[in-house]
Amino acid sequence: MLRKINLIFRRPKNLLSPIPSPFTHQLTSSYSSSPSYFPPNTQNLKINDSNDHLKQALLEMAIQGLETKFQDYNTLLNVCVKERNIRGGQRVHTHMIKTHYEPPVYLRTRLIVLYVKCEFLGDARNVFDEMPETNVVSWTAMMSGYSQQGYASEALNLFVQMLRSGTEPNEFTFATIFTSCTGDLGFDHGRQIHSLIIKSGFESYIYVGSSLLDMYAKASKIHEAQIVFDALPERDVVSCTAIISGYAQLGFDEDAMELFRRLKTEGMTSNYVTYASVLTALSGLAAFEHGKQVHNHILRSELPSYVVLDNSLVDMYSKCGHLVYSRRVFNEMPERTVISWNAILVGYSKHGMGREVVELFELMREENKVRPDGVTFLAVLSGCSHGGMEERGLEVFDEMLSRKDEVEPEIQHYGCVVDLLSRAGQVEKAFEFIKKMPIEPNAGIWGSLLGACRLHSNVDIGEFAGTRLLEIEPENAGNYVILSNLYSSSGRWEDARTIRELMKEKAVIKEPGRSWIEIE
């Protein structure tokens, strides 16, 4: 099945891949028709899935020495790959070298897969480079390793080398390489590979089509993704989920829901990733009733608990304003990640429930299972700001500065502190804080200070903040209006008129506000 990975041309800090990789299926299917590569059914070593049995089998391998056969190596490597046991796999590899055993392409490829799964890409590449003979599976295994670890440019370079070597890519190769076609340069490569797919006749393969439409969706080319989807001769849950997720992640929430309904009537089956994508769309629409219906459908489907799905439920209920439901889902989660904590903390924060934010953050500290990240601190600081908890918010920011959690404050965190002090009426203190910031203040920070000056009638600081804002955002009508109103409230009518005339001169127009509601 398609492995969906969001990659860029550098190694990312965190990788989420809710859809499994097609490469696992390839390792069995590609060799099943080739007796010279695929191991026979009888095996000399019998290993159960336990560490003790593996140790015993490794000991037997050492005792056998030169007598160790293909079947033995294959059995050991399969267990090591399954359990991601790098030490065991290295012992098998070392034994091959010491006994001068020349493994066939199949076993060398299994070594590559082992090192890739254990994130030893350097060792995987060494095995690949030393192979006297390679095939499409070997190339794809190495490309998959680079893609999964975020080395997109290396994966693309390897794909080009494979073509130059005369090795023909198969459907799994194309499905794998598309996960590396991100960013402007990667997308250009992706379009070229799409042309190659059409010439090679692979456009009708489900793995290729799903990966291709996923690439277009992540490049914000949802129209092209829809064309690829419509052209698929058959669709599975992966391709349906990919197109729904594409619409939802690009903010086309109504289109995502309409497509989900249509595919459901056509008999589409859903998995936890499908439901997570639908809940993302419902979060954007704040459609509470529809969200409850989807939640009920999930419960009736008796899906096992997935943290990704639970996170989506917490986020959906929070954005719909139903924090009681959100907290209930959160409390019943068997496993929580930092994303889980952030989802509920952000929900409380956006609804001004500062006390609940602080209590939950302290609970997170007490459990000490998950380390907070930058989003966590942002939610807590924002919650303290909206909840009038100035002292606690400053304490949390001091914790960040101490680098206790190895989280470095960013511009958004400094902005929250300015907003915290401004809402508390400490305009002078907020101004001094801005002047001491190690980061250049942005428009959001000056805007927060200007709003506080308007509220607390501090013309001197407000005038300075307003001037800086007009330099940074000369096209933002709101800045002119607030500064003009500040002058007017202090009786400086001439200055207020000057700002209004400047606004007309620059042809800046303030657009009226809008809101929307869901009608039952």
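Residues numbered from 1 in each chain as written. Predicted model: local features only at pLDDT ≥ 70, side-chain atom pairs only at ≥ 80, totals over all residues. Heavy atoms only, no water.

Novice: Outline the overall build of the protein chain, supporting the account with residue identities and numerical values.
Specialist: In terms of regular secondary structure, the protein chain is built from 28 helices and zero strands. Across the 520 residues of the protein chain, 50% fall into the buried class. Taking contacts inside the protein chain between residues at least 6 apart in sequence as the whole, the part at least 24 apart equals 63%. In the form shown here, the protein chain has an accessible surface area of approximately 26100 Å², with 50% of it arising from carbon and sulfur atoms. (Helix = DSSP H or I, 4+ residues; strand = E, 2+ residues; numbered from the N terminus. Buried < 20%, exposed > 50% of the residue type's maximum accessible area, 1.4 Å probe, protein only. Contact = heavy atoms within 4.5 Å. Areas by Shrake-Rupley, 256 points an atom, 1.4 Å probe, with all protein chains shown as cover.)

Novice: Any details on helix 16 (residues 288-301)? Residues and values, ideally.
Specialist: Between its first and last C-alpha, helix 16 extends 20 Å over 14 residues, near the 20 Å set by a 1.5 Å rise per residue. All of the buried residues in helix 16 are Phe 288, Gly 291, Val 294, His 295 and Ile 298. Here the buried residues of helix 16 occupy an arc of 120° about the axis, which is enough to place them on one side. Exposed and facing more than 90 degrees away from the buried side of helix 16 are Gln 293 and Arg 300. (Expected span 1.5 Å × (residues − 1). Arc of directions from axis to C-beta.)

Novice: An account of the packing of aromatic side chains is needed here, citing residue identities and associated values.
Specialist: Geometrically, a pair of aromatic rings is defined through the distance of the ring centres and the angle of the planes. Under the counting rule described, the total for this entry stands at 21 aromatic pairs. On the basis of an interplanar angle of 40° and a centroid distance of 5.2 Å, the ring pair of Phe 172 and Tyr 207 is categorised as tilted. Of this pair, Phe 172 sits in helix 9 (residues 171-177) while Tyr 207 sits in helix 11 (residues 206-218); the two residues are 35 residues apart in sequence, bridging distant segments of the chain. For the pair Phe 172 and Tyr 207, a shared accessibility class is recorded, and that class is buried. Among the aromatic residues, ring-to-ring pairing joins Phe 159, Phe 174, Phe 202 and Tyr 205 into one connected group. (Phe/Tyr/Trp six-rings, centres within 6.5 Å; stacked < 30°, edge-to-face > 60°.)

Novice: Which residues make up the nonpolar core, and what values go with them?
Specialist: In this structure, Ile 112, Ile 193, Ile 243, Ile 244 and Leu 449 are the most contacted members of the largest nonpolar core, which totals 154 residues. Here this core takes nine residues from helix 5 (residues 105-117), the largest share from any one element. Discounting chain neighbours no more than four positions away, the residues touching Ile 244 are Ala 256, Leu 259, Phe 260, Leu 263, Met 268, Thr 274, Ser 277 and Val 278. (Core = buried A, V, L, I, M, F, W, Y, C linked by side-chain atoms within 4.5 Å.)

Novice: Would you mind going over the packing of helix 5 against helix 6 (residues 121-129) in detail, with residue names and values included?
Specialist: Where helix 5 meets helix 6, the axes come as close as 8 Å, and the angle between the chain directions of the two elements is 165°. With respect to helix 6, the axis of helix 5 lies roughly antiparallel. Relative to helix 6, helix 5 is oriented so that their crossing is left-handed. Contacts between helix 5 and helix 6 involve Arg 108, Leu 111, Ile 112, Tyr 115 and Val 116 from the former and Leu 121, Asp 123, Ala 124, Val 127 and Phe 128 from the latter. Of the residues in the contact of helix 5 with helix 6, the class split is eight nonpolar, no polar and two charged. (Axes fitted to C-alpha atoms, helices over the stretch in contact; angles between N-to-C directions. Parallel < 35°, antiparallel > 145°, perpendicular 65-115°, else oblique. Left-handed = near helix turned anticlockwise from the far one by under 90°. Nonpolar A, V, L, I, M, F, W, Y, C, P; charged D, E, K, R; others polar.)

Novice: Which residues make up unusual backbone geometry, and what values do they have?
Specialist: In this model, Arg 84 sits at a positive phi of 50°, which is unusual for a non-glycine residue. Considering the arrangement of structural elements, one finds Arg 84 in the loop between helix 3 (70-83) and helix 4 (86-98). Positive phi, close to 55°, is recorded for Glu 302, a residue that is not glycine. Within the secondary structure, Glu 302 sits in the loop between helix 16 and helix 17 (307-319).

Novice: Tell me about the packing of helix 27 (residues 477-489) against helix 28 (residues 493-505), and please be specific about residues and values.
Specialist: How two helices sit against one another is set out by the angle between their axes and by the gap between those axes. Helix 28 packs onto helix 27 with a crossing angle of 165° between their chain directions and a minimal axis gap of 7 Å. It follows from the interaxial angle that helix 27 and helix 28 lie roughly antiparallel. As for how helix 27 packs across helix 28, the hand of that crossing is left-handed. For the pair helix 27 and helix 28, contact is made by Ala 477, Tyr 480, Val 481, Leu 483, Ser 484, Asn 485, Tyr 487 and Ser 488 and by Trp 493, Asp 495, Ala 496, Ile 499, Arg 500, Leu 502 and Met 503, respectively. Taken together, the residues that form the contact of helix 27 with helix 28 break down as 10 nonpolar, three polar and two charged.

Novice: How would you summarise the pattern of salt bridges if you had to cite specific residues and measurements?
Specialist: Scanning the model with the defined rule gives 24 salt bridges in all. With a closest N to O distance of 3.1 Å, Asp 214 and Lys 218 form a salt bridge. One end of the pair, Asp 214, and the other, Lys 218, are both in helix 11, four residues apart, so they sit about a helical turn from each other. For Asp 214, a relative accessible area of 7% translates into the label buried. On the accessibility criterion, Lys 218 (29% relative accessible area) is partly exposed. (Salt bridge = Lys/Arg side-chain N within 4 Å of Asp/Glu carboxyl O.)

Novice: Can you tell me about helix 14 (residues 253-265), naming the residues and giving the values?
Specialist: Between the first and last C-alpha of helix 14 there are 19 Å, a value that for 13 residues agrees with the 18 Å anticipated at 1.5 Å per step. All buried positions along helix 14 are accounted for by Asp 253, Ala 256, Met 257, Leu 259, Phe 260 and Leu 263. Looking straight down helix 14, one finds its buried side chains confined to an arc of 165°; they lie on one side. With respect to the buried face of helix 14, the exposed residues turned more than 90 degrees away are Glu 254 and Thr 265. Elements that come into contact with the buried residues of helix 14 comprise helix 12 (222-231), helix 13 (237-249) and helix 15 (272-285). The first or second residue beyond helix 14 is Gly 267, which carries a positive phi of 95°.

Novice: Quick one: what's the story with the side chain of Arg 108, residue by residue and with numbers?
Specialist: Considering the arrangement of structural elements, one finds Arg 108 in helix 5. In this view, Arg 108 contacts Glu 102, Pro 103, Val 127, Glu 130, Met 131 and Pro 132; residues no more than four positions away in its chain are not counted.

Novice: Now, about the environment of Asp 419: what can you tell me, with residues and values included?
Specialist: Position of Asp 419 among the secondary structure elements: in helix 23 (residues 411-423). Assessed through its relative accessible area of 19%, Asp 419 is described here as buried. As for Asp 419 and Leu 449, which are separated by 30 residues in sequence, their C-alpha atoms are 7.2 Å apart. Residues contacting Asp 419, with those up to four places away along its chain left out, are Ser 385 and Ser 448. There is a polar contact of 3.3 Å between the side chain of Asp 419 and the side chain of Ser 448. (Polar contact = N/O pair within 3.5 Å; in protein donor to acceptor, adjacent residues only side chain to side chain.)

Novice: Explain the side chain of Thr 176 residue by residue, including any values.
Specialist: For Thr 176, the position within the fold is in helix 9. At a separation of 2.8 Å, a polar atom in the side chain of Thr 176 contacts the main-chain carbonyl oxygen of Phe 172.

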